[in-house]
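Fold and geometry: a report
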Amino acid sequence: QVQLVESGGGLVQAGGSLRLSCATSGRIFGPYSMGWFRQAPGKEREFVAVINWSAGTKRYADPVKGRFTISRVSAANTVYLQMNSLKPEDTAVYYCAVDILDRLIDYGSSYKYWGQGTQVTVSS
């Protein structure tokens, strides 16, 4: 069974940086992508970024373009989200997830496996 374990969340001031990690265990069959989503209190879950595991193709949500970078280390089965120039509106619980159909899609229901989430709080 696939499990995702996230780490790296915390409290930072606006303009600061954080790097989130998501380590994957268990076997994933066929091509797939790994993505990041976030959910703030009282708001719906929203797409942040996704990366194709084999080719490294990336896609970002408009609010984070130029500030966030998604990457992977294949040998470690780990995906990262480097977050720079953080803003208070980035405050949310961040989740990593696996899309087993490798579509680089921003639709959360297309993702099969999810981590438990890690809290990111950006103060002004």
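Residues numbered from 1 in each chain as written. Predicted model: local features only at pLDDT ≥ 70, side-chain atom pairs only at ≥ 80, totals over all residues. Heavy atoms only, no water.

Re the state of the cysteines
Per the counting criterion, the structure on display carries 1 disulfide. Residue pairing for cysteine 22: its cysteine sulfur links by disulfide to cysteine 96, the two sulfurs lying 2.0 Å apart. Around the S-S axis, the bridge from cysteine 22 to cysteine 96 shows a dihedral of about 60° and counts as right-handed. Highlighted residues: cysteine 22 in strand E3 (residues 18-25) and cysteine 96 in strand E9 (residues 92-99), separated in sequence by 74 residues. Cysteine 22 sits in the buried class, given a relative accessible area of 0%. (Disulfide = S-S within 2.5 Å. Helix = DSSP H or I, 4+ residues; strand = E, 2+ residues; numbered from the N terminus. Buried < 20%, exposed > 50% of the residue type's maximum accessible area, 1.4 Å probe, protein only.)

Some words on the packing of aromatic side chains
Following the criterion strictly, the structure yields 6 aromatic pairs and no others. Their ring planes at 80° and their centres at 4.9 Å tell us that phenylalanine 37 and tyrosine 111 sit as a pair that is edge-to-face. You can see phenylalanine 37 sitting in strand E4 (residues 33-39) and its partner tyrosine 111 sitting in the loop between E9 and strand E10 (113-114), a full 74 residues away along the chain. Taking the relative accessible area as the measure of exposure, phenylalanine 37 reaches 1% and is therefore buried. Looking at tyrosine 111, the relative accessible area reads 4%, which means it is buried. In this structure, arginine 45 is placed above the aromatic ring of phenylalanine 37, and the distance from its NZ or CZ to the ring centre is 5.9 Å. (Phe/Tyr/Trp six-rings, centres within 6.5 Å; stacked < 30°, edge-to-face > 60°. Lys NZ or Arg CZ within 6 Å of the ring centre and 35° of its normal.)

A word on the nonpolar core
In this structure, Trp36, Leu81, Met83 and Tyr94 are the most contacted members of the largest nonpolar core, which totals 36 residues. Ignoring sequence-local partners within four residues, the contact set of methionine 83 consists of Gly16, Ser17, Leu18, Leu20, Arg67, Phe68, Tyr94 and Val120. (Core = buried A, V, L, I, M, F, W, Y, C linked by side-chain atoms within 4.5 Å. Contact = heavy atoms within 4.5 Å.)

Here we look at the pattern of salt bridges
For the structure shown, the criterion picks out 6 salt bridges. Among the salt bridges present, the one from glutamate 46 reaches arginine 38, with a minimum N-O distance of 2.6 Å. Exposure remark for glutamate 46: the relative accessible area of 35% places this residue in the partly exposed category. Between arginine 103 and aspartate 99 there is a salt bridge, with the nearest N and O atoms lying 3.4 Å from each other. Linked by salt bridges that have partners in common, Arg38, Glu46, Arg67 and Asp90 make up one network. (Salt bridge = Lys/Arg side-chain N within 4 Å of Asp/Glu carboxyl O.)

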